[in-house]
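# Structural features, examined
One letter stands for each residue in the lines below.
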Amino acid sequence: MTEPLSELIAYLAEHAPAFARRLQAAGLTPEEIHRPEDLSRIPVLRKDDLVDLQTADPPFGGMLAVPMQALKRIFQSPGPIYEPEPNRPDPWRWASALEAAGFRAGDIVLNAFGYHLTPAGAMFEEGLRALGCVVLPGGVGNQEQQVRAMHALGVNGYVGLPSYLKALLDKADELGLPLQVEKAFVTAEPLPPSLRRELQERGVIVVRQGYGTAECGNLGYECEAEDGWHVPEDVLIQICDINTGQPLPPGEVGEVVVTLLHREYALVRFGTGDLSALHTEPCTCGRSTPRLVGWLGRVGDAVKVRGMFLHPRQLREMMVRFPEVERWQAVVTRHDHKDELTLEVVAPEAPPDLEERLKHTAREAIKFRLQVRRVDHLPPDAPPIRDERTWE
Ligand SMILES: [Zn+2]
């Protein structure tokens, strides 16, 4: 952290009117926010809120705390949503992640993220440049041209989607042009273990993944242990209950909520909509920062039942304890303007006390009262939650 949190909050409250209004709405004064824990008194800002703020008060919704002319770049992501880039080296803080993946000065790196309007291309270019890497700004598409350039230039590093690296290796095979990519930093889509293995078998010795968003930049990255994503030290990350917005203990699944620690943009208590959990046991690599266990889904998949979010993941974790249930689906209905939650189960072999045990576990583990109904059949691809409510 470059400056005390209280000073940062005071500055943002003075220069970003939308942030001042958020504090006020929460009944807080800037002086009340000293420690990271104090931030939890500010309600989580959702991405939808950000779109609304920007629409009402374009372009940055009153959250920019410096003149627009002082920025380095401005991006537009789908929404549309505008993201300001502070004018300083590596403003999205990816260098630490790339360094942990083995990127060094003098590496020749293909950056296969898009450079047009959206931030990823420029974000990673900044991180690579901060390390002294030489960047081939590939963007997405023109695979044959990219492969020819990689071959001719001896590109030894790759930043982009893991699936796109595989496509480039396939194209190189097809063209008979050997590549020398030996390290890759991948993000923006899941990296299945099978794909990591395949890339390694095809010569990319180190394949590491990271996690971030268009608004926040680097939020986590793998070390050599490849066991979770170390949280960078230059950002505050909380894992919060999707209903209350309050921080959860290590190990519990909740929303990744981010506070950026810089003076340009008042992104404070921003809910990414991504689900993860923190683990705090020391890592074999020696870094002391906690790790995110990985990407565990989207908050947006949750359904509001009786005013509380119910996430498919909560149900899945609960149902792991009931191996005797072959298939299940939670059904949300509405009678007399009241939501009802029923768990349909296919469990022909289960003893008669199954219903009671399910109800009890639901109350304890996911804090929902539900009815249980045994059914003869559910389709194998039945989604975890079926919402049958109508709002007429
Ligand atoms: Zn580690």
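Residues numbered from 1 in each chain as written. Predicted model: local features only at pLDDT ≥ 70, side-chain atom pairs only at ≥ 80, totals over all residues. Heavy atoms only, no water.

### Examining helix α8 (residues 193-201)
- Here α8 has its buried residues at L195, R196 and L199. Axial view of α8: buried residues confined to an arc of 100°, hence all on one face. Every exposed residue of α8 that faces more than 90 degrees away from the buried side is listed here: P193 and E201.
- The positive-phi residue at the C-terminal boundary of α8 is G203, with phi of around 110°. (Buried < 20%, exposed > 50% of the residue type's maximum accessible area, 1.4 Å probe, protein only. Helix = DSSP H or I, 4+ residues; strand = E, 2+ residues; numbered from the N terminus. Arc of directions from axis to C-beta.)

### Observations concerning the coordination of the zinc ion
- In this structure, C223 (SG), H230 (NE2), C283 (SG) and C285 (SG) serve as the protein donors to the zinc ion, at separations of 2.1 to 2.3 Å.
- Coordination at the zinc ion is tetrahedral, judged from the four donor atoms that bind it and the angles of 104 to 111° they form at the metal.
- All donors to the zinc ion come from one chain, and their sequence spacing reads C-x6-H-x52-C-x1-C. Pair noted here: C223 is in the loop between β8 (217-221) and β9 (229-230) and C283 is in the loop between β13 (278-279) and β14 (291-292), with a separation of 60 residues, a long-range link. Grouping residues by exposure puts C223 and C283 together as buried. (Donors = N, O, S within 2.8 Å, 3.2 Å for Na, K, Ca; no water. Tetrahedral: all angles 85-135°; square planar, octahedral: opposite > 155°, others 65-115°.)

### Quick notes on the sheet that holds strand β11 (residues 254-260)
- Strand order in the open sheet made by the three strands is β10-β11-β12, with antiparallel pairing throughout. Strands at the two margins of the open sheet, each flanked by one partner only, are β10 (235-240) and β12 (270-276). Across this sheet, the average inter-strand angle for adjacent strands is 30°, counted without regard to direction.
- As defined by bridge partners, β10 adjoins β11 across six bridges and the pair is classed as antiparallel. (Pairing = 2+ DSSP bridges. Axes fitted to C-alpha atoms, helices over the stretch in contact; angles between N-to-C directions.)

### Here we look at the state of the cysteines
- One pass over the structure, following the stated rule, counts zero disulfides.
- In this structure C133 is a free cysteine whose sulfur lies 19 Å from that of C223, the closest cysteine sulfur available.
- The closest cysteine sulfur to the non-disulfide-bonded C216 is located on C240, 13 Å from its own sulfur. (Disulfide = S-S within 2.5 Å.)

### Observations regarding the domain arrangement of the protein
- By the assigned domains, the protein splits into domain 1 (1-68 + 231-299), domain 2 (88-222) and domain 3 (303-387).
- The straight-line distance from the C-alpha centre of domain 2 to that of domain 3 is 42 Å. (Domains from an automatic or database assignment.)

### Quick word on unusual backbone geometry
- Between P58 and the following residue, P59, the backbone shows a cis peptide bond with an omega angle of -5°.
- With phi around 55°, N142 is a residue other than glycine that occupies positive phi space.
- Topologically, N142 is positioned in the loop between β4 (134-137) and α6 (143-153).
- Positive phi is not limited to glycine here, since D336 has a value of about 50°.
- Judged by relative accessible area, which is 74%, D336 ranks as exposed.

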